[in-house]
Amino acid sequence: MTQVPEDAIKCLDKGFVRLVDSMGGDDAIVQAARVSYGQGTSKVSQDRGLIRYLMRHRHTTPFEMVEFKFHCKMPIFVARQWVRHRTANINEYSLRYSEARDEFYFPDPEHIQFQSALNKQGRSGEVPLELKQKVLDYFKEISERSFTMYQELNEEGIARELARSLLPVNIYTEWYWKNDLHNLLHFIGLRSDSHAQYEIRVYSDAMAVSVKAVAPFAWEAYQDYVVHGMRFSRIEQNLLEKQLPPRVVDDILEDVAYQITATMHKNKPRAEADLYPLYQEQGGSDSEEDFKLKWDSGEIEIGNVRELREFRSKLKKIKK
Ligand SMILES: Cc1cc2nc3c(=O)[nH]c(=O)nc-3n(C[C@H](O)[C@H](O)[C@H](O)COP(=O)(O)OP(=O)(O)OC[C@H]3O[C@@H](n4cnc5c(N)ncnc54)[C@H](O)[C@@H]3O)c2cc1C
């Protein structure tokens, strides 16, 4: 089986993730979204804005234009979770065709923990050293014993496809795994999450490194709108509508009016005299004197006009 290649990210004790190939990046997303424009017709800042818009509105197909092919080596129990993600193309090392190698996963003592009492799919607590040692001894004993039996059956000519069933799920396998960015982000969203099992999280985090390098704007937008974004259920929205004092919402709307004005001014500078009317058009209600004071403080944040307007309509909905 393949040892950890130089350009791979080592995962667990003997595994790895290596980006073999990729097709496209942020430019491919933009190109697909604009379909007929082709490359080179837009500024980098516009590309970033478009990608962020697509991610925010879950317009997902342009993200499917970017492809990643990974070579990965992982214990079979990790692969079992991994294959549940049905949108990838996989080609795996065959234990019918080739002989298994003596490569088994032995957890780092740090990750040997008790069954969590709160989370039925999790671990917690510090295990005493002797018990950790026992866990490791058992891992080694079952791995060595099963492998010896497997080799013995192989030597006696028993079919590999049958003999392999003796091997435990901590034995390593490897595969080529190809997926598009949209589905890869879905995978990373589920498997880099704190609820996912530690052993698969390590692989998901390793793949995330490649995504960040190949499509940095898409990765940034994914972080902002998916990982750190929040959606409210109808019940939660009703609670917000009932419990948020209208003056608090008004204060936020004021901030938004300032931010939209400042952003529009940055994108297309206006004459000094046009700024206050512009701010009023954005729903700002401060007096001209207060406006000037705040404007000159230089503390108004710049954002994205479209995004700020969307936020404004959400706030208005909450206020009604
Ligand atoms: C923390 C965690 C715990 C889990 N626990 C369990 C468990 O206890 N038992 C268990 O069996 N599984 C478990 N799973 C696996 C989980 O139920 C999903 O099978 C797995 O996460 C793949 O998700 P997916 O179907 O969205 O992904 P993919 O298969 O990659 O699919 C991506 C998306 O494509 C669409 N899609 C793909 N195929 C179809 C289809 N045939 N029909 C309709 N839509 C489709 C869906 O919208 C889907 O969300 C767990 C997963 C996680 C992350």
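All values reported here derive from a predicted model rather than from experimental measurement.

Rules used throughout
Residues numbered from 1 in each chain as written. Predicted model: local features only at pLDDT ≥ 70, side-chain atom pairs only at ≥ 80, totals over all residues. Core = buried A, V, L, I, M, F, W, Y, C linked by C-beta atoms within 7 Å. Buried ≥ 20, exposed ≤ 12 C-beta atoms within 10 Å, placed from the backbone. Helix = DSSP H or I, 4+ residues; strand = E, 2+ residues; numbered from the N terminus. Contact = placed C-beta atoms within 7 Å. Domains from an automatic or database assignment. Axes fitted to C-alpha atoms, helices over the stretch in contact; angles between N-to-C directions. Parallel < 35°, antiparallel > 145°, perpendicular 65-115°, else oblique. Nonpolar A, V, L, I, M, F, W, Y, C, P; charged D, E, K, R; others polar. Near = placed C-beta within 6 Å. Pairing = 2+ DSSP bridges. Expected span 1.5 Å × (residues − 1).

Enquirer: Help me out: how do you make sense of the nonpolar core in this one?
Expert: Side chains of nonpolar character tend, in soluble globular proteins, to be buried together. Counting 47 residues, the largest nonpolar core has Y203 and A218 as its most contacted members. Per element, the largest residue contribution to this core is eight residues, and it comes from helix α7 (residues 198-214). Dropping the residues within four chain positions of it, A218 is found in contact with D26, I29, I51, F63 and L181. Within the second largest apolar cluster, seven residues are counted, among which are L253, A257, A262 and Y279.

Enquirer: I keep staring at the domain arrangement of the protein chain and nothing clicks. Help me out?
Expert: How big an interface is tends to be expressed through the accessible area that disappears when the partners come together. Domain boundaries in the protein chain define domain 1 (9-227) and domain 2 (234-319). Measuring from the centre of the C-alpha atoms in domain 1 to the corresponding centre in domain 2 gives 43 Å.

Enquirer: Help me understand the packing of helix α1 (residues 26-34) against helix α2 (residues 44-56) in this model?
Expert: When two helices pack together, their arrangement is given by the angle between their axes and by how far apart the axes lie. The N-to-C vectors of α1 and α2 enclose an angle of 75 degrees; their axes lie 10 Å apart at closest approach. Relative to α2, α1 is oriented roughly perpendicular. Residues D26, I29, V30 and A33 of α1 touch α2, and the partners they reach there are D47, L50, I51 and L54. For the contact of α1 with α2, the residue count by class is six nonpolar, no polar and two charged.

Enquirer: What is the right way to read the site of the ligand from this model?
Expert: Close to the ligand lie R84, H85, R86, T87, Q121, N183, H186, L190, H195 and A196. Considered class by class, the residues forming the shell around the ligand number two nonpolar, six polar and two charged.

Enquirer: Help me out: how do you make sense of the sheet that holds strand β2 (residues 15-23) in this one?
Expert: Whether parallel or antiparallel, the strands of a sheet pair through hydrogen bonds between backbone atoms. With respect to topology, five strands assemble into an open sheet ordered β1-β2-β3-β7-β4, the strand pairing being antiparallel. The open sheet has two edge strands, β1 (9-11) and β4 (89-92), and neither has a second partner. Neighbouring strand axes in the sheet, compared pairwise and without regard to direction, differ in orientation by 25 degrees on average. Relative to strand β7 (residues 172-180), β4 runs antiparallel, the two being bridged by four bridges. The residue bridging E92 from the neighbouring strand is W175, located in β7.

Enquirer: In this structure, what is going on with unusual backbone geometry? I would like to understand it.
Expert: In the Ramachandran plot, L12 falls in the positive-phi region, its phi being about 55 degrees despite a non-glycine side chain. As for its placement among the helices and strands, L12 is situated in the loop between β1 and β2. You will see that R58, though not glycine, has its phi angle at about 50 degrees, which is positive. Within the secondary structure layout, R58 lies in the loop between α2 and β3 (67-75). Here R58 falls in the exposed class, since 9 other C-beta atoms lie within 10 Å of it.

Enquirer: Before we go on, may I ask you to explain helix α4 (residues 129-155) in this structure?
Expert: Since there are 3.6 residues in each turn of an α-helix, residues three or four apart along the chain are aligned in direction. Its 27 residues give α4 an end-to-end C-alpha distance of 39 Å, which sits within 8% of 39 Å, the value for a rise of 1.5 Å per residue. The first or second residue beyond α4 is G157, which carries a positive phi of 85 degrees.

Enquirer: It is not clear to me how the pairing of β3 should be interpreted in this structure. Could you clarify?
Expert: A regular strand places its side chains so that they alternate between the two faces of the sheet. For β2 and β3, the ladder comprises seven bridges, and the chain directions are antiparallel. The residue of β3 that forms the bridge with L19 is F70.

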